[in-house]
Amino acid sequence: MFNFFSKKNDEEKGKFSLGFDKLKQALSQTTHTLVENIVENLEEEAEFSDFVLDDMEDLLIRADLGVNYASELVDKLRGQDTIKPSEVKNYLRSEFLKALSDSGETSLNYKENELNIYFISGVNGVGKTTLIGKLAYRFKLEGKKVLIAAGDTFRAAAEEQLDIWSKRAGADIVRRDKAAPASVVFEAIQKAKSDNYDVILIDTAGRLQNKYNLMEELSKIKAVIDKNAPELLRECVLVLDANTGQNGLQQAKIFQEAVNLTSVALTKLDGSAKGAIVLAIAKELKLPVKLIGVGEKMEDLKDFNSLDFLDALFN
């Protein structure tokens, strides 16, 4: 697979790479809850007593790392004497890097001179429509021909908003109000093939009130792709709001049941104290975060980089 940004010039790369200062600012609350609180709590301790470790585990859980992952990190410190409380910062950074590395590549998959399909899912309200518009804008800046498939057909507001974003980004759209979502996706694939599009971005419903209906709908769309263009599906992206914390992990598990997710896009990371969800998803679901939203501007959908994330978190 080619890296989506392998042929960008330096100016374009800079537009969608998040500078260290802005990333550090975006992660400031997460840094406080996940790193500073724990380091400050342990720095005066000589050894890892059971009391100290239990306190550390509680702080990790409160930082939205998740019970399982927090317990695993703390259990590795029990009964050992090579790592001291004063070294916990380096210990956590090393463990987090391993989790992020094991989850996979963070570059968005893209192939030149082929149609590239991106299946975008997520619950209503996480910023999915906005992300699709911003992603369309990125591809258009690359000189790509972009088609958006409005697959959330029973929520008129979603289609109208997507229509506005498509115009703003300069992308085309296939929209059929009240039609079966799978039929809209089928039409988009046929149009993209016949008119030589480079990219299809597929919007989908995100109503969790009726889990069965949602799963059925997503599965039908996935079946249309698998039947008509299986080799052209590049990413199944789950969009999560960073502020949902551990609830985001539960959402990911539900969507994983319906489609084979390949990556996560995390919106509203700026100002969130729950950015540790990046680590929980990497560890629990082995899914890499590939895109992060840090603002309202078209350019505020940025590439995720594991090392930059950890540097901003710990330095």
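Everything numeric here is computed off the predicted structure, so don't read it as measured data.

Calculation criteria
- Residues numbered from 1 in each chain as written.
- Predicted model: local features only at pLDDT ≥ 70, side-chain atom pairs only at ≥ 80, totals over all residues.
- Heavy atoms only, no water.
- Helix = DSSP H or I, 4+ residues; strand = E, 2+ residues; numbered from the N terminus.
- Rg over C-alpha atoms; globule rule 2.2 N^0.38 Å.
- Contact = heavy atoms within 4.5 Å.
- Areas by Shrake-Rupley, 256 points an atom, 1.4 Å probe, with all protein chains shown as cover.
- Lys, Arg positive; Asp, Glu negative; His and termini not counted.
- Charge placed at Lys NZ, Arg CZ, Asp CG, Glu CD.
- Core = buried A, V, L, I, M, F, W, Y, C linked by side-chain atoms within 4.5 Å.
- Buried < 20%, exposed > 50% of the residue type's maximum accessible area, 1.4 Å probe, protein only.
- Patch = residues over 30% accessible without salt bridge, like charges linked within 9 Å, V, L, I, M, F, W, Y side chains within 5 Å.
- Salt bridge = Lys/Arg side-chain N within 4 Å of Asp/Glu carboxyl O.

**Overview of the overall build of the protein chain**
Across its full length, the protein chain holds 13 helices and 10 strands. Over its C-alpha trace the protein chain gives a radius of gyration of 21 Å, about what one expects of a compact globule, namely 20 Å for 315 residues. When the backbone C-alpha atoms are referred to their principal axes, the protein chain occupies close to 70 × 45 × 30 Å. Residue pairs in contact within the protein chain that sit at least 24 positions apart in sequence constitute 78% of those at least 6 positions apart. In the form shown here, the protein chain has an accessible surface area of approximately 13500 Å², with 47% of it arising from carbon and sulfur atoms. Averaged over its 42 positive side-chain charges, the protein chain has a centre that lies 7 Å from the centre of its 51 negative ones.

**Focus: the nonpolar core**
Counting 110 residues, the largest nonpolar core has Leu34, Met56, Leu60, Leu92, Phe96, Ile117 and Leu201 as its most contacted members. By residue number, the principal contributor to this core is helix H12 (residues 277–285), which donates 7 residues.

**Looking at a negative patch on the surface**
On the surface, Glu36, Glu40, Glu43, Glu44 and Glu45 cluster together to form a negatively charged patch. Relative to the elements of secondary structure, glutamate 40 occurs in helix H3 (residues 28–42).

**Describing the pattern of salt bridges**
Under the definition given, this model contains 24 salt bridges. For lysine 222, the salt bridge goes to aspartate 226, with nearest N and O atoms at 3.3 Å. Remark: aspartate 226 and lysine 222 occur in helix H10 (residues 211–228); sequence separation between them is 4 residues, near one turn of the helix. On the basis of relative accessible area, aspartate 226 is assigned to the partly exposed category, the value being 38%. One salt bridge in this structure joins aspartate 241 and lysine 268, with 3.3 Å as the shortest N-O distance. One end of the pair, aspartate 241, is in strand S7 (residues 233–241); the other, lysine 268, is in the loop between strand S8 (263–267) and H12, and 27 residues separate them in sequence. The exposure class assigned to aspartate 241 is buried, which follows from its relative accessible area of 12%.

Any functional reading would require information that these geometric values do not contain.
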